[in-house]
Amino acid sequence: MRSTLLPYGRQSLDEADIAAVVDVLRSDWLTTGPKVGEFEEVFAERVGASHAVSFSSGTAALHAAAFTAGLQPGDEAITTPLTFAATANCVLYQGATPVFADIDPFTLNIDPEQIKSKLTSKTRALLPVDYAGHPADLAAILDLARKHGLIVIEDACHALGAEYAGKRVGSIADMTVFSFHPVKHITTGEGGMVTTNDAKFAETLHRFRNHGISSDARSRQTAGQWHYEMVLLGYNYRLPDFACALGIEQLKKLDANLARRREIAAEYTAAFRELPGVIAPNVRAEANPAWHLYPILVDLGKLTTDRAQFFRALRAENIGVNVHYIPVHLHPYYRDRFGFRGGEFPKAEDAYNRLISLPMFHSMTSGDVKDVIAAVTKVVSSYAR
Ligand SMILES: Cc1ncc(COP(=O)(O)O)c(C=O)c1O
């Protein structure tokens, strides 16, 4: 057994990251300075989008995308129940209604057939999530959106660096949302980004993150002007310059981080494909996942235990497992507000009852990976039927 707890995710920072932040701390611009535009430019380039607009968190970025899509009271947006609550909450922030559609058990992503059954005259947007870093079924989802005049906001908070049918995530949907929380592929502490190929959307996103004002303080100072106009009801969702400086440095390491995560996933999958009692995640032929998470499903029919006990047994081995996610509709807020009782989305609920996220982060050593495989193998053998 390991002597120390291996977390399920963590950041890695090097001296170049620290130096970049310190440089900004010594400069004139702590926020909305030159690093913001620079980060947005390199990020847009990396994901192959025309525009990238930074935000103070992935949640703020989702809110901005929901606003920019024009969501308002009376509208509906269809999303998956198997996600972090922020995906659905951003619809509520706009006074619109999140409508859930069940998942495809193969990828655990939203099932386009289920989306079809939830479309109404009020549907305005589709909000697929690239669960664990595996892109959603974007071709089918975009096809539905085009047929019905809907906007697609892809929640790619797990999927920076993923590819779908040879295209980079961030360049495919109408708007794509990323998060830079420390467990993600790159971090700015807190932070988020929306990418889009639509110049009008980009302009609205910029305004929304800065109180709805049509210019920023630095451009006014440079132009020697005091006049500005607030043209829509926005927020202060700005990402500071020192965070953007960190983002620029972190982005340089994205390819290496992705390569390591793919290596770890391949090693896990090779081990777990051979191990009755757990089911490794599936990958569709057109997807190249980014592996934010590595979620296994406990195969309850082959074991004498349940997920909770399996989870505790792995924790007892000092393997820092987690569960992603409690389906959104089962949270008390959603139950109370919308009357969900459980049973509405059987596939998402069944997955939730069997899911365990194993440690997955790019600085894991090969010893860490072996420890995880050994611990899972040990727990499976002690509960084998
Ligand atoms: C799928 C998903 N959407 C949205 C978010 C929100 O991002 P943030 O924590 O940066 O606000 C997260 C964060 O973990 C997430 O996993």
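Placed above this text is the structure.
Criteria and thresholds
- Residues numbered from 1 in each chain as written.
- Predicted model: local features only at pLDDT ≥ 70, side-chain atom pairs only at ≥ 80, totals over all residues.
- Heavy atoms only, no water.
- Pairing = 2+ DSSP bridges.
- Helix = DSSP H or I, 4+ residues; strand = E, 2+ residues; numbered from the N terminus.
- Near = heavy atom within 4 Å.
- Polar contact = N/O pair within 3.5 Å; in protein donor to acceptor, adjacent residues only side chain to side chain.
- Areas by Shrake-Rupley, 256 points an atom, 1.4 Å probe, with all protein chains shown as cover.
- Buried < 20%, exposed > 50% of the residue type's maximum accessible area, 1.4 Å probe, protein only.
- Contact = heavy atoms within 4.5 Å.
- Salt bridge = Lys/Arg side-chain N within 4 Å of Asp/Glu carboxyl O.

### Description of the sheet that holds strand β7 (residues 167-168)
Part 1 of the reasoning: Ordered by their spatial adjacency, three strands build an open sheet running β7-β6-β11, and the pairing between neighbours is antiparallel. Where the open sheet ends on each side, the last strands, each with one partner, are β7 and β11 (287-288).
Part 2 of the reasoning: Pairing between strand β6 (residues 163-164) and β11: two bridges, direction antiparallel. Directly across from Tyr164, in β11, lies its bridge partner Ala287.

### Structural notes on the site of the ligand
Part 1 of the reasoning: Taken together, 14 residues lie near the ligand, and Gly58, Thr59, Asp155, Ser179 and Lys184 sit nearest.
Part 2 of the reasoning: Gly58 is positioned with one of its backbone polar atoms (N or O) 2.8 Å from an oxygen atom of the ligand.
Part 3 of the reasoning: A distance of 2.8 Å separates an oxygen atom of the ligand from a polar atom in the side chain of Ser179.
Part 4 of the reasoning: For the ligand, the accessible surface in isolation is 390 Å², of which the surrounding protein chains cover 91%.
Part 5 of the reasoning: With three residues, the top contributor of residues to the shell around the ligand is helix α3 (residues 58-68).

### Observations concerning helix α13 (residues 346-354)
Part 1 of the reasoning: Within α13, burial applies to Ala348, Glu349, Ala351, Tyr352 and Arg354.
Part 2 of the reasoning: Looking at the buried side of α13, the elements it contacts are β10 (278-279), β12 (294-298), α11 (307-316) and β13 (355-358).

### Observations concerning the pattern of salt bridges
Part 1 of the reasoning: Scanning all chains against the criterion turns up 21 salt bridges.
Part 2 of the reasoning: Salt-bridge contacts for Lys116 lead to Glu113; the nearest nitrogen and oxygen are separated by 3.1 Å. One end of the pair is Lys116 and the other is Glu113, both in helix α5 (residues 112-118) and three residues apart, which spans about a single turn.
Part 3 of the reasoning: With a relative accessible area of 49%, Glu113 lands in the partly exposed category.
Part 4 of the reasoning: When the shortest N-O distance is used, the salt bridge between Glu203 and Arg207 registers 3.6 Å. Taken together, the positions of Glu203 and Arg207, both in helix α7 (residues 199-208) and four residues apart, correspond to about one turn of that helix.
Part 5 of the reasoning: The class of Arg207 is partly exposed, set by a relative accessible area of 22%.

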